[in-house]
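These are the residues of each chain, in order.
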Amino acid sequence: VTWEFIHYGLGRWLHILFGVMWVGMLYYFNFVQAQALARANAETPPSGAGITKHVAPLALLWFRWAAVATWVMGAFLLGDKFGAAFLFREPAYVPIGIGAWLGTIMLFNVWVLIWPNQKRLLGMVPAGDVEKAKARRVAFLASRTNVMLSIPMIFFMASSGMFHFPVFAG
Amino acid sequence: MIVAGPGGTPCYDRRAAPIRETTMKNPLDSLWGTVIAGLVLTVVLYYLARAMMGG
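Here the structure is a predicted model, which is why all the values come from computation and not from measurement.

## Considerations on the overall build of chain A
(1) Moving on: Looking only at helices and strands, chain A features 6 helices and 0 strands.
(2) Moving on: Listed by position from the N terminus, the elements making up chain A come as α-α-α-α-α-α.
(3) Moving on: Seen through its C-alpha atoms, chain A measures out along the principal axes to roughly 60 × 40 × 25 Å.
(4) Moving on: For chain A, the residues scored as buried account for 39% of the 170 residues in total.
(5) Moving on: Sequence-distant contacts in chain A: of pairs separated by 6 or more residues, those separated by 24 or more amount to 67%.
(6) Moving on: A gap of 8 Å separates the mean positions of the 13 positive and 6 negative side-chain charges of chain A.

## Brief notes about a nonpolar patch on the surface
(1) Moving on: Where nonpolar side chains cluster on the molecular surface, the patch consists of Val1, Trp3, Phe5, Ile6, Leu10, Trp13 and Leu17 of chain A and spans about 770 Å² of accessible area.
(2) Moving on: Its place among the elements puts Leu17 of chain A in helix α1 (residues 3-42).

## A closer look at the interface of chain B and chain A
(1) Moving on: Between chain B and chain A, the contact holds 18 residues from the first and 26 residues from the second.
(2) Moving on: Each partner contributes to the roughly 1900 Å² buried at the junction of chain B and chain A, and carbon and sulfur atoms together form 77% of this total.
(3) Moving on: Of all residues in chain B, Leu28, Leu31 and Met53 of chain B give up the largest surface area on contact with chain A, accounting jointly for 32% of the area buried on that side.
(4) Moving on: Taken together, chain B and chain A are joined by 1 salt bridge.
(5) Moving on: A salt bridge links Asp29 of chain B to Arg137 of chain A, with the shortest nitrogen-to-oxygen separation between them at 2.7 Å.

## Thoughts on the side chain of Thr34 of chain B
(1) Moving on: Tracing the backbone shows Thr34 of chain B in helix α1 (residues 31-52).
(2) Moving on: A distance of 3.5 Å separates a polar side-chain atom of Thr34 of chain B from the backbone oxygen of Leu28 of chain B.

## Section: the packing of aromatic side chains
Describing an aromatic ring pair means giving the distance of the ring centres and the angle of the ring planes.
(1) Moving on: Scanning the model with the defined rule gives 15 aromatic pairs over all chains in all.
(2) Moving on: Between Tyr28 of chain A and Phe29 of chain A the ring centres are 5.6 Å apart and the planes differ by 55°, which places this aromatic pair in the tilted class.
(3) Moving on: Tyr28 of chain A sits in the partly exposed class, given a relative accessible area of 24%.
(4) Moving on: Plain terms: the ring middles of Phe163 of chain A and Tyr46 of chain B are 5.5 Å apart, the flat faces sit at 50° to each other, and that makes the pair tilted. In this pair, Phe163 of chain A sits in the loop between α5 (129-159) and α6 (166-169) while Tyr46 of chain B sits in helix α1, so the two residues belong to two different chains. Each member of the pair, Phe163 of chain A as well as Tyr46 of chain B, is classed as buried.
(5) Moving on: Here the aromatic residues Phe155, Phe156 and Phe163 of chain A together with Tyr46 and Tyr47 of chain B are joined through ring pairs into a cluster of three or more.
(6) Moving on: The ring of Trp115 of chain A is capped by Arg64 of chain A, whose NZ or CZ atom sits 3.7 Å from the centre of that ring.

## Some points on the nonpolar core
(1) Moving on: In terms of nonpolar packing, the biggest core is built from 30 residues, with Trp22, Phe63, Ile98, Leu102 and Phe156 of chain A touching the most fellow members.
(2) Moving on: Those elements giving two or more residues to this core turn out to be α1, α2 (49-78), α4 (94-121) and α5 of chain A together with α1 of chain B.
(3) Moving on: Discounting chain neighbours no more than four positions away, the residues touching Phe156 of chain A are Pro95, Ile96, Ile98, Gly99, Leu102 and Phe163 of chain A together with Leu45, Tyr46 and Ala49 of chain B.
(4) Moving on: Core analysis: the second largest hydrophobic core is formed by 5 residues, Ala85, Phe86, Ile96 and Ala100 of chain A among them.

## Some details on unusual backbone geometry
All names here are of chain A.
(1) Moving on: The linkage connecting Thr44 with the following residue, Pro45, adopts the cis geometry, with an omega of -5°.
(2) Moving on: Relative to the elements of secondary structure, Pro45 occurs in the loop between α1 and α2.
(3) Moving on: Positive phi, close to 55°, is recorded for Phe88, a residue that is not glycine.
(4) Moving on: The partly exposed category is assigned to Phe88, whose relative accessible area is 30%.

## Comments concerning the environment of Arg12 of chain A
Residues and elements named next belong to chain A.
(1) Moving on: By the element assignment, Arg12 lies in helix α1.
(2) Moving on: The partly exposed category is assigned to Arg12, whose relative accessible area is 43%.
(3) Moving on: For the pair formed by Arg12 and Pro46, sequence separation is 34 residues and the distance between their alpha carbons is 44 Å.
(4) Moving on: Ignoring anything within four residues of it in the chain, the contact list for Arg12 reads His7 and Leu77.
(5) Moving on: Of the polar contacts made by the side chain of Arg12, one reaches the backbone oxygen of Tyr8; its length is 3.5 Å.

Parameters and conventions
- Residues numbered from 1 in each chain as written.
- Chains lettered and ligands numbered in written order.
- Predicted model: local features only at pLDDT ≥ 70, side-chain atom pairs only at ≥ 80, totals over all residues.
- Heavy atoms only, no water.
- Helix = DSSP H or I, 4+ residues; strand = E, 2+ residues; numbered from the N terminus.
- Buried < 20%, exposed > 50% of the residue type's maximum accessible area, 1.4 Å probe, protein only.
- Contact = heavy atoms within 4.5 Å.
- Lys, Arg positive; Asp, Glu negative; His and termini not counted.
- Charge placed at Lys NZ, Arg CZ, Asp CG, Glu CD.
- Patch = residues over 30% accessible without salt bridge, like charges linked within 9 Å, V, L, I, M, F, W, Y side chains within 5 Å.
- Areas by Shrake-Rupley, 256 points an atom, 1.4 Å probe, with all protein chains shown as cover.
- Salt bridge = Lys/Arg side-chain N within 4 Å of Asp/Glu carboxyl O.
- Buried area = accessible area lost by both parts, 1.4 Å probe.
- Polar contact = N/O pair within 3.5 Å; in protein donor to acceptor, adjacent residues only side chain to side chain.
- Phe/Tyr/Trp six-rings, centres within 6.5 Å; stacked < 30°, edge-to-face > 60°.
- Lys NZ or Arg CZ within 6 Å of the ring centre and 35° of its normal.
- Core = buried A, V, L, I, M, F, W, Y, C linked by side-chain atoms within 4.5 Å.

Encoded structure:
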């Protein structure tokens, strides 16, 4: 087992594995759970309590820690090119640098905007009705922002190597 | 609409001004708006990356 295998083989594999978990959960929240909860809560009596009580906390647990693991493995994968990518020091690392910045903004949104506000919504932190309404809007917009950012983020993660091909980069 | 103001000076009557309410919709409120915004951002960042790499 060589260092190159651990770095670029196992490192990339784990980065993608955790990334699938993170973005998969993000898409689940936005494409499935939000719609399902809206329909369930429109029923009389509202029937979404099970999702809120049993599904959302577990999904959020995997979601937020997968986000951390993805970022850590991404930083590991960049290795000594971490600074070159994040500071756009070398032209070859610009595409992956943009992807890394998008992923970093998404990680910030998860831990600073989504998770603290979801704790208020799920009753893990006491909050009044006004506070809950504000928390719902902030968490919703941060989550939707992450869906939006995930689209170019995945593009730059997947295609950064292809930027050097004339057919791709023009 | 011009009306007589204090001391008879003509002034603009704000009450008569037509009120036009425009509501800006946030594209992130809809899933399709979010996806389209993501695709547009991808195109913008692609050209930005190319420019930063020296064309």
